[in-house]
Structure formats: structure tokens, C-alpha cells
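Working through the structure, step by step
So you can see what is in the structure, the chains are spelled out below.
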Amino acid sequence: MRPGIHPAYRPVVFRDKAAAFAFLTRSTLTSDRTVEWEDGNTYPVVDVEISSASHPFHTGTARVLDTAGRVERFERRYGRREGR
């Protein structure tokens, strides 16, 4: 790799305000805001809209769609296929 052309890769805290959840990882993202982490060090913080703590798929609150009702509605509207 050529020196001087890559962004700094450093520890960054990602915070999901909707779920009051934060995690420390490494990233090239930058931020003007900082937060003091559990280890006593100060890191840049990036606020995110959604994370595994608030996403419906990961929390188990995902809605199951009524696919049978959709199929029946489609067949009523457009008819059944031949051979069924």
C-alpha cells in the first residue's frame, strides 16, 4: 500500500440512540463529537439510525406477511394459472 493515501483506521463508537445501545469497533469514519467509553478512553462517536439492537429482524419483532392472502387476492384479480 502506498503511504499517505488511506484514511486513518481507528477505534470509533457507534451509538444507536433509539435503543440506547453503543459498541466500539474500528472504522475510517470521522466525527467531531466524542464520548468517554467504558475503558476510560475518549473516542469519536457516530450516531446511527438503526443497529442490531433496534432492527426488527434481530429483535424478533418482525411482522410476518400474510402471503396466502396475497396469493388468493392475486388469483381473484388475474385468475388461476392453467394446470393447477
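Residues numbered from 1 in each chain as written. Predicted model: local features only at pLDDT ≥ 70, side-chain atom pairs only at ≥ 80, totals over all residues. Heavy atoms only, no water.

A look at the packing of aromatic side chains
For any pair of aromatic rings, the description consists of the separation of the ring centres together with the inter-plane angle of the planes. To keep things clear, this is the line we draw: Centres within 6.5 Å are what make two rings of Phe, Tyr or Trp a pair, Trp counting through its six-membered ring; a difference in plane orientation under 30 degrees is then read as stacked, over 60 as edge-to-face, and the rest as tilted. Buried residues are those whose accessible area, probed at 1.4 Å on protein chains only, stays under 20% of the maximum for their type, while exposed residues exceed 50% and partly exposed ones sit between those limits.
As enumerated under the stated definition, the model contains three aromatic pairs in all. For the pair Phe14 and Phe23, a centre-to-centre distance of 5.7 Å together with 20° between the ring planes defines the contact as stacked. On the basis of relative accessibility, which here comes to 34%, the residue Phe23 falls in the partly exposed class. Centroid distance Phe21 to Phe23: 5.9 Å. Interplanar angle 40°. Geometry classified as tilted. An aromatic cluster of at least three residues, connected via ring pairs, comprises Phe14, Phe21 and Phe23.

Observations regarding the confidence of the model for the protein
Rule in force here: The predictor's confidence in any single residue is recorded as pLDDT, a number from 0 to 100. By definition, any uninterrupted DSSP run of H or I lasting at least four residues is a helix, any uninterrupted run of E lasting at least two residues is a strand, and each is numbered from the N terminus.
Taken residue by residue, the protein gives an average pLDDT of 81. The fraction at 70 or more is 76%. Looking across the protein, the model is least confident in helix 1 (residues 56-59), with a mean pLDDT of 59, and most confident in strand 3 (residues 34-36), with 95.

Notes on the sheet that holds strand 3
How we decide: Criterion used throughout: strands pair if DSSP finds at least two bridges between them. Here the axes come from fitting lines to C-alpha atoms, over the contacting stretch only for helices, and the angles between their N-to-C directions go from 0 to 180 degrees.
On the basis of which strands lie adjacent, the open sheet formed by four strands has the order 2-1-4-3 and mixed pairing. Every interior strand has two partners, whereas the edge strands, strand 2 (21-27) and strand 3, have only one. Within the sheet, the average angular offset between the axes of one strand and its neighbour, ignoring direction, is 45°. Sheet topology note: the strand 1 (residues 10-16)/strand 2 ladder contains seven bridges and is antiparallel.

What to know about the pairing of strand 4 (residues 42-48)
Taken together, the four bridges between strand 1 and strand 4 define a ladder with parallel strand orientation. Opposite Phe14, over in strand 4, you have Val46 as the bridge partner. Across three bridges, strand 3 lies against strand 4 in antiparallel orientation. Across the sheet, the residue bridging to Glu36 is Thr42, located in strand 4. The loop that links strand 3 with its antiparallel partner strand 4 comprises five residues; one of these, Gly40, has a positive phi angle of about 90°.

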